[in-house]
Amino acid sequence: MLSSEKAAFPQKFKGYRMKGEFVMLSKFISSLKQEFGGYNAAALTKDLMAGLTVAAVALPLALAFGVSSGADAASGLITAIIAGLIMSLLSGGYYQISGPTGAMAAILMSLVAAYGMDGVFIATLIAGIILLLAGILHLGKLTSFIPAPVITGFTSGIAVIIALGQVDNFFGTHSEGTSAIGKLFSYARLGFSPNLTAVGLGLFVVLFMVFFPKKWNAVVPASLVSIILTTAFSIFMQLDVAVVGEIPKTLIPENRLLFGALNLKTIGALVTPAFSIAILGMIESLLCGASAGRMTGVRLDANQELIAQGVGNILLPFFGGIPATAAIARTSVAIKSGAKTRLTGVFHAVGLLISMFLLAPVMSKIPLAALAGVLMVTAWRMNEWESIRYIFSHKFKGAMLEFIATMFATIIFDLTVAILIGVLIGLVFLVSRLSFIEINYESVDMNRMHVTDPVLCERYSNAMVVYITGPMIFANTQAVADIAGKVEGSDTVLFSMRGVSNIDISCAQTLRELVEGLRKKGVDVAICGMTTHAMKMMDRSDLHKIIGDENFYWSVERVLLTNRPRPAAKVLPLSERKKINA
């Protein structure tokens, strides 16, 4: 290496390293400058009011998702506060509001039953690390490879799990098991004796939320109003129903992740559920961002969002929180309430924090049946009913199978297995659709080309054009091989391959055998209209050399205007050829 090169190398390497490490940070800072450019008191007021509105929506949901996850209401509330503070500040879109969600709570039920809260904390930490790495490695586009029916299916599966998980709280009963399905079946052994008071409270919340006028819901959320009414009624009447229980007035409760709980054995056992949490966090957050981006016209920075979700979930366990993701319900409320910057998420978190300190005694007396009612309605509304109706009304069989398989796999197994099954089914259908090939045959009619040259007319009087459209891949080798029988009796075969997008080695070998077989019979063969991509496989497989440069043409018309040498073999008369083809 020259001395000048030696001197330049460290500087080049330094520049490359800085670019690789700080380009995302530079982009994030630039977006913040643009977001807060011209920020004033009016914008601050809008952010403050939007944040308080979101807090009103998030409060009952945070409590409900905390309880439904198998943890407690305090964990859900702390998660909403910490996620609102940290994830909002680091988010890839100013509109993203994060916190505990129903989908995540559904995954956590079995995790809490199997490993306790320490298992949830460790799995959340690992999931946060996975999300952080995914953002750093620019994996934000991975969710685009998951088919829409698969996402719809697992969303419906999660909704079923949430609803089944609330049967105990809604009916005031007791069940056993590590999953929603297991708890449901345990009633056969334990008996099912509903508490009519709890059922009444839960049913009131469901009906109240369903029939609450939408125009009023835009001002104050029905879930919050119903929780206030049922709690007040329960306290006043001193009803004998299960309640939320004590809510500590601190962000650092006793039940949180301690470094002493970390060990290789536990970490190894929790990698799989942590991966499921990370995948769900990625899917929910990015889908929420995509939807919100369409509402605002501001595109989400997917990789920055994954970094925000990663950092937030890494820190949450040390505050006693459960996994958090961006939530479409809270995000859409923020947008509709006039949010201008990411401070909306911060104000929402501050509002929840104030509520925890001021209203903890009252919140501790909220009936679990009322929260169950909120979750029952939430589970129903989680379903993407419009997409489901569209898939089934139009009878898209592949999409229907993907949806049903993913939904049941989510209920029976877990999210990771469900996604893998759904994607696998989607890939099978995709290969089936993409491998479709169409082959048409047409006898040459020189009169249609207005060719009057008697030499050319006589030369191609017994020619056949084979039009091939679609990929020539392994699934279509038999269709290509069958061409030999279809062109029997022709002395010239012209392959029009302008519609061939790709050729793999299987079809290349079959095409070679076809061409060699036709030539042995004295049939003249020419290839017309090859695409550049398909031509590369012709070169790699030596088909180009075997067929010969002189037998490649831009179009069928070019061939028919060229007086090519006649084939050596004798062919059947035209009348006999028509009989064979018939």
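For the structure, check the block above.
Presented here is a report on the structure given in the accompanying data block. Keep in mind that this is a model prediction, so the values were computed, not measured. (Residues numbered from 1 in each chain as written. Predicted model: local features only at pLDDT ≥ 70, side-chain atom pairs only at ≥ 80, totals over all residues. Heavy atoms only, no water.)

Considerations on the pattern of salt bridges
- Following the criterion strictly, the structure yields eight salt bridges and no others.
- The residue Arg-448 makes a salt bridge to Glu-442 at a minimum N-O spacing of 2.2 Å.
- We classify Arg-448 as exposed; its relative accessible area is 57%.
- Residues Lys-521 and Glu-488 are paired through a salt bridge, measuring 3.3 Å at the closest nitrogen-oxygen approach. Linking Lys-521 in the loop between α22 (505-520) and β6 (524-528) with Glu-488 in the loop between α21 (483-486) and β5 (492-499), this pair joins segments that are 33 residues apart in sequence.
- What emerges from the salt-bridge pattern is a single network uniting Arg-459, Asp-524 and Arg-564. (Salt bridge = Lys/Arg side-chain N within 4 Å of Asp/Glu carboxyl O. Buried < 20%, exposed > 50% of the residue type's maximum accessible area, 1.4 Å probe, protein only. Helix = DSSP H or I, 4+ residues; strand = E, 2+ residues; numbered from the N terminus.)

Here's the deal with the packing of aromatic side chains
- Taken as a whole and assessed by the stated rule, the structure comprises twelve aromatic pairs.
- Among the aromatic residues, those joined into a cluster by ring pairs are Phe-170, Phe-171, Tyr-187 and Phe-192.
- One cation-aromatic arrangement involves Arg-498 over Trp-554; the distance from NZ or CZ to the ring centre is 4.7 Å. (Phe/Tyr/Trp six-rings, centres within 6.5 Å; stacked < 30°, edge-to-face > 60°. Lys NZ or Arg CZ within 6 Å of the ring centre and 35° of its normal.)

Remarks on the nonpolar core
- Of all hydrophobic cores here, the largest spans 92 residues; its most connected members are Leu-63, Leu-77, Phe-154, Ile-247, Ile-277, Leu-352 and Leu-371.
- With 18 residues, helix α4 (residues 102-136) is the largest single contributor of residues to this core.
- Contacts of Leu-63, omitting those with residues within four sequence positions, involve Ala-73, Leu-77, Ile-247, Met-363, Ile-366 and Leu-371.
- Formed by 31 residues, the second largest nonpolar core is a distinct cluster that contains Val-480, Ile-483, Val-500 and Ala-508. (Core = buried A, V, L, I, M, F, W, Y, C linked by side-chain atoms within 4.5 Å. Contact = heavy atoms within 4.5 Å.)

Structural notes on the environment of Ala-56
- For Ala-56, the location among the structural elements is in helix α2 (residues 41-68).
- With a relative accessible area of 19%, Ala-56 lands in the buried category.
- Residues Ala-56 and Ser-355 lie 299 residues apart in sequence; the distance between their C-alpha atoms is 9.7 Å.
- When neighbours within four sequence positions are excluded, Ala-56 is seen to be in contact with Pro-221 and Leu-224.

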